[in-house]
2 protein chains.
Amino acid sequence: MAGIRTPRPIRTLKDEMPVIYGQFTTACELLEKHYRNIQDIEFTIERGKLYILQTRTGKRTAQAAVKVAVDMVKEGLITKEEAILRVEPAHLDSILHRRIDPRAKLEVIAKGLPASPGAASGKVVFDAEEAEKLGGEGRKIILVRTETTPDDIHGIVAAQGILTSRGGMTSHAAVVARGMGKPCVCGCEALRIDYAAANFTVNGLVVKKGDLISIDGATGQVMLGEVPMLDPELSPEFIELLQWADEIRTLGVRANADTPADALKSREFGAEGIGLCRTEHMFMAQERLPIVQQMILAAGPKERQEALDKLLPMQQTDFYGILKAMAGYPVTIRLLDPPLHEFLPDTEELVEEVSRLLYTEGDQKELKKKRDLLKKVRALTEFNPMLGHRGCRLGITFPDVYAMQARAIFQATVQLIREGYRVIPEVEIPLVGEVNELTVLRDLVTEIATKVSQETGVEFEYSVGTMIEVPRAALTAEKIAGEADFFSFGTNDLTQTTFGFSRDDAEAKFLHAYIDKKILPDNPFAVLDRSGVGKLMQMTVELGRQTKPDLVIGICGEHGGEPSSIEFCHQIGLNYVSCSPYRVPIARLAAAQAKANNEKGGK
Amino acid sequence: MAGIRTPRPIRTLKDEMPVIYGQFTTACELLEKHYRNIQDIEFTIERGKLYILQTRTGKRTAQAAVKVAVDMVKEGLITKEEAILRVEPAHLDSILHRRIDPRAKLEVIAKGLPASPGAASGKVVFDAEEAEKLGGEGRKIILVRTETTPDDIHGIVAAQGILTSRGGMTSHAAVVARGMGKPCVCGCEALRIDYAAANFTVNGLVVKKGDLISIDGATGQVMLGEVPMLDPELSPEFIELLQWADEIRTLGVRANADTPADALKSREFGAEGIGLCRTEHMFMAQERLPIVQQMILAAGPKERQEALDKLLPMQQTDFYGILKAMAGYPVTIRLLDPPLHEFLPDTEELVEEVSRLLYTEGDQKELKKKRDLLKKVRALTEFNPMLGHRGCRLGITFPDVYAMQARAIFQATVQLIREGYRVIPEVEIPLVGEVNELTVLRDLVTEIATKVSQETGVEFEYSVGTMIEVPRAALTAEKIAGEADFFSFGTNDLTQTTFGFSRDDAEAKFLHAYIDKKILPDNPFAVLDRSGVGKLMQMTVELGRQTKPDLVIGICGEHGGEPSSIEFCHQIGLNYVSCSPYRVPIARLAAAQAKANNEKGGK
């Protein structure tokens, strides 16, 4: 009991003291029936007499928790609702991430804090620049630093996982890695990192740059070499539990997916549609980027149209694939959202190249070309791109781009209808803050739909809606609802604008201090801030449904996959949450819990 | 009447047709009495008979409007309230800006659109880089461009005034110049600009780079050479009208002023305190910047404290000056607000210097120094500085900086009390979005106040309040009010975050398109957006006064000097508006109009 003796298995008791063992099992059954949960029971035997000292609900792994809950329903001990409420959705994270094969023999060399779940293997790199370079070449690397700083972000992006020797669960590395869904072990104090020698020492062992290591962000373990991993898979009990969750919940669950592969994966995990299909990633592909750049840098509308004509069939193929993968379910496709300069070369790099050509007396033609490009990139550069020329503001100033995207969506729709599929495209206009923006762009989309229908002779259904992601959209939701078939909360941006936080900057510079000093209870980009952002959401739901009582309202920010945020979404009456595919099971469970808790609370 | 004959003075009628003249003057008096305003009367005399054809309220200049209104009150024709309502505050802009001496003989060479009021003289410059360079050397220049783009901003900043040959009242140049309060004539189509030859031609006249020109942004006139200017001054009638306004209005009027000179000027214009004293400008002075940089780049708290110790007496002098200039009135001093990298060299320039040193094999020590500096500047650079590590976030992460500022304020206060002045310092914490931020920083300020009081043996009054400039502050105002002695709306930032607009980027990239296409009725940074930003303000007032019924609430954004926004501030029950010194008279008048209109509307 004091933890000083190594415990012996309970079955030895059966052989040694059969009477006491009988009393003990009776007591255990009684206690488990009474508490309706597995118990962690402390007992002692003194002078041949059994004393039960304490009992409490047992702790267990996520897998075990699922199995126990399902078994208890089958034994008639608890109801399905109770089973649902007994599994902590946040713990499911570990089941739903890549993990180390439990059968593998591990050479654990150190243990740090389990800062961001998932497991990863890669070569040790100590420098963010090098991480970026090697990552760009497709190498798998683990970035190892005493601590990370905002300077290291590009290295973190390129790495498979992060390992630090200093800092806690809210250190820069931990916060950033969780945000990116990357495995991270932090505060691994046994590590002695020597940047100059490019190695680290741990308990006498020297690990050099380029050596292979593995980390497990769920346990904090660091291993030498590559270890066998298991892709996440659902146990039969888990599948059964999720089916019960589906029977209980009233909140829909969709996925955020930009590719047919992600769409299929999310269907497998139980998604009932796509709540956010971002189109910008489709523009980033290597063979498309030059065309996208041609579109952006076009000297006039004619040149821009040439680029758009090339992009149209590509986008049509994109939408064909994703609509087909989700046939029968709605697919919300968001028109182009990010600031255009994200598709262009980096200004600093260009400045450097221009300087190099200038001072080394390089090719004059090349110098002129780079200078011209730099000038154009500079003209597109913004002080605060997050709040700049992006979202529907692009659609207003460059309607051809949105027109091309709408045409690609509707042509893909017609193609699939002809092939016998039922497809439900929902065209989403991002970053609306004023109803007139939506009116203008809705007209544009509707006009294209009518044209495509006339050209092809095929009738099709579609809807046009908007993201609610700036406070003004929430504050004027009764007007915006008049022009929208649906609303979808973009809570990442809404959190940014409501707090006045740039997520990248906040997480890099001060958010960990805020959480350390308890100024904020949680990172509001992870757990929805109910008193600020949530208040705007509630206002939106009320105002929007004043105008349209049946308005479909969902959420597609990262909060859509976080249990406490999902509970809030249920409470304010959203129709669905949408999250990354691997979080769909968590969302299904959390949605059922929200319903079950609400009914309990309501009684 | 058809405008084809040159009209003759009315007094000739007296001599030619005395009877008709008598009838005419009687009719005029009757009409003016009836309409209670000066009349623009059309008449004809046919076969010895006078026919009055039409009468309407006469148009006049701002100066004339003021004189007529005051005269009519003295003649007992209208009330003071009516006089107040007859002067359009927006027209006063022209009285309150530098203007061309009306006695000057002008050589007008062209006329464009009066895009931003005020007059300026300077040497012609065609290039933003050159404008920046010459402006930096203290030369007065006029930037001349066919159109301006975001690329030209640094040139606009450096110029006395802007002249463009293309674009309307909402063109980039016009919008930006109005935002900066700089004279601008735009769309001056007669200009033929030849960048290569560095000159412009207008009606055969060639004006070369470096030639002196003058522009009048109130009339759109372009003149050759320098012309005599008059500083704004208030006529006796205007002063009288403003006194009546003061009797009527209930809304206070303060000024935004960062220097004793501005504070004195605003007192002269009738300000009843300072609503916003920004402390960052005080950090930018040439002799201070190196110390500020030392503070920012400090390797640790000790080095930072050394820099702060040097800054303390300087800041104390700053606050001494401004508190003394405003003795007897409240002075709201905002603690440091902007992101720190604003005080550091530009990244791109550093990249260029590093490249130059690298490729020209320059001084290796210098190269290392620049590289180190670049690294530090990069670490401070943010993706969206507007939403980044600034405002109270600096106070939370670097409390020493705010502590130094608080000490400087209180030491200056003690100094003035000892000299016999009554001073009312109000310490303002910027960018609060969560009450805990204010609690922590209020405690810090209070602690310093207690210390200074103990050290000096002098008791003093002070208050601690906050800006309301992010939506979350408005949404949680009932909590924030618990820790705040006053609220002040920072509507520039509140407009940015409510719309999700970065002002610089929006005005440069898409806001003119929005106004052109009537998506927005006005630039929301000029005229307060009542349905979005205004709704948040109203919510703030209600929630804040739920907690503290007597909470003092003001506004210090640029809207505080704009008549329609002032009307709204009156309607929602603010205590005061604060605006730039030269707008104080406009605000006094607009505040009185709001009151008078409200009472009319209320009946």
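Residues numbered from 1 in each chain as written. Chains lettered and ligands numbered in written order. Predicted model: local features only at pLDDT ≥ 70, side-chain atom pairs only at ≥ 80, totals over all residues. Heavy atoms only, no water.

Visitor: Please set out the overall build of chain A residue by residue, giving values where relevant.
Guide: Check the secondary structure of chain A and you find 25 helices and 23 strands. Against the compact-globule benchmark of 25 Å for 603 residues, chain A has a radius of gyration of 28 Å, which places it among compact chains. Principal-axis analysis of the C-alpha atoms gives chain A an extent of 95 × 65 × 45 Å. Across the 603 residues of chain A, 55% fall into the buried class. Pairs at least 24 apart in sequence give 66% of the contacts found in chain A among residues at least 6 apart. For chain A, the computed accessible surface area is about 26100 Å², with 51% contributed by carbon and sulfur atoms. Counting 73 positive and 84 negative side-chain charges, chain A places the averaged centre of each group 3 Å from the other. (Helix = DSSP H or I, 4+ residues; strand = E, 2+ residues; numbered from the N terminus. Rg over C-alpha atoms; globule rule 2.2 N^0.38 Å. Buried < 20%, exposed > 50% of the residue type's maximum accessible area, 1.4 Å probe, protein only. Contact = heavy atoms within 4.5 Å. Areas by Shrake-Rupley, 256 points an atom, 1.4 Å probe, with all protein chains shown as cover. Lys, Arg positive; Asp, Glu negative; His and termini not counted. Charge placed at Lys NZ, Arg CZ, Asp CG, Glu CD.)

Visitor: Talk me through the relation of the copies chain A and chain B; I want residue IDs and the actual numbers.
Guide: Its rotation angle being 180°, the transformation that places chain A on chain B also includes 0.0 Å of axial translation and leaves an RMSD of 0.2 Å. Such a combination of rotation and displacement between the chain copies is what one expects of a two-fold axis. The position closest to the rotation axis in chain A is occupied by the C-alpha of Asn384(A), lying 2.1 Å away. (Least-squares fit on C-alpha atoms with pLDDT ≥ 70 in both.)

Visitor: Any chance you could break down the sheet that holds strand E12 (residues 205–208) of chain A for me, citing the residues and the numbers?
Guide: All names here are of chain A. As summarised here, the arrangement of the three strands in space is E10-E11-E12, forming an open sheet in which the pairing is antiparallel. On the outer flanks of this sheet lie strand E10 (191–194) and E12, each paired with one strand and no other. Averaged over all pairs of adjacent strands, the angle between strand axes in this sheet comes to 25°, irrespective of strand direction. Relative to strand E11 (residues 199–202), E10 runs antiparallel, the two being bridged by four bridges. Paired with Ile193 across the strands is Phe200, a residue of E11. (Pairing = 2+ DSSP bridges. Axes fitted to C-alpha atoms, helices over the stretch in contact; angles between N-to-C directions.)

Visitor: So what's going on with the pattern of salt bridges? Residues and values would help.
Guide: All names here are of chain A. Applying the stated rule across the entire model yields 70 salt bridges over all chains. A salt bridge links Lys209 to Glu130, with the shortest nitrogen-to-oxygen separation between them at 3.2 Å. Highlighted residues: Lys209 in the loop between E12 and strand E13 (212–216) and Glu130 in helix H6 (residues 128–136), separated in sequence by 79 residues. Between Arg390 and Asp493 there is a salt bridge whose closest N-O contact spans 2.8 Å. With Arg390 in the loop between helix H14 (364–380) and helix H15 (392–397) and Asp493 in helix H20 (residues 491–499), the pair connects residues that are 103 residues apart, well separated along the chain. Note on Arg390: relative accessible area 5%, which makes it buried. A cluster of three or more residues bridged by salt bridges with shared partners is formed by Glu280, Arg334, Asp337, Arg390 and Asp493. (Salt bridge = Lys/Arg side-chain N within 4 Å of Asp/Glu carboxyl O.)

Visitor: Kindly report on helix H9 (residues 236–248) of chain B, identifying the contributing residues and their values.
Guide: Residue and element names in this part refer to chain B. Across its 13 residues, H9 extends 19 Å between first and last C-alpha, which sits within 8% of the 18 Å expected from 1.5 Å per residue. Turning to H9, its buried residues number three or more, namely Phe238, Leu241, Leu242, Trp244, Ala245 and Ile248. In a view along the axis of H9, the buried residues occupy a sector of 155°, so they form one face of it. H9 presents Pro236 and Glu247 as exposed residues on the side facing more than 90 degrees away from its buried surface. (Expected span 1.5 Å × (residues − 1). Arc of directions from axis to C-beta.)

Visitor: Tell me about the interface of chain A and chain B, and name the residues and values.
Guide: Taken together, the 61 residues of chain A in the interface contact 61 residues of chain B. Taken together, the two surfaces of chain A and chain B that pack against each other cover about 5500 Å², and 58% of this comes from carbon and sulfur. Area buried by chain A at its contact with chain B is led by Tyr359(A), Leu387(A) and Arg472(A), which between them contribute 12% of it. The interface formed by chain A and chain B contains four salt bridges. Salt-bridge contacts for Asp529(B) lead to Arg472(A); the nearest nitrogen and oxygen are separated by 2.7 Å. Our enumeration of links across chain A and chain B arrives at 36 residue pairs in polar contact (both at pLDDT 80 or more). When residues of the side of chain A that touches chain B are assigned to their parent elements, the largest contribution, seven residues, is made by helix H13 (residues 347–359) of chain A. (Buried area = accessible area lost by both parts, 1.4 Å probe. Polar contact = N/O pair within 3.5 Å; in protein donor to acceptor, adjacent residues only side chain to side chain.)

Visitor: Which residues make up unusual backbone geometry, and what values do they have?
Guide: Residue and element names in this part refer to chain A. Positive phi outside glycine occurs at Asn203, with the angle close to 45°. Along the chain, Asn203 falls in the loop between E11 and E12. Judged by its relative accessible area of 69%, Asn203 falls in the exposed class.

Visitor: How would you summarise the packing of helix H3 (residues 62–74) of chain A against helix H5 (residues 89–96) of chain A if you had to cite specific residues and measurements?
Guide: Residue and element names in this part refer to chain A. Axis separation between H3 and H5 bottoms out at 8 Å; the angle between their running directions is 115°. Of H5, the residues touching H3 (which contributes Ala62, Gln63 and Val66) are His91, Leu92, Ser94 and Ile95. Classifying every residue of the contact of H3 with H5 gives four nonpolar, three polar and no charged. (Nonpolar A, V, L, I, M, F, W, Y, C, P; charged D, E, K, R; others polar.)

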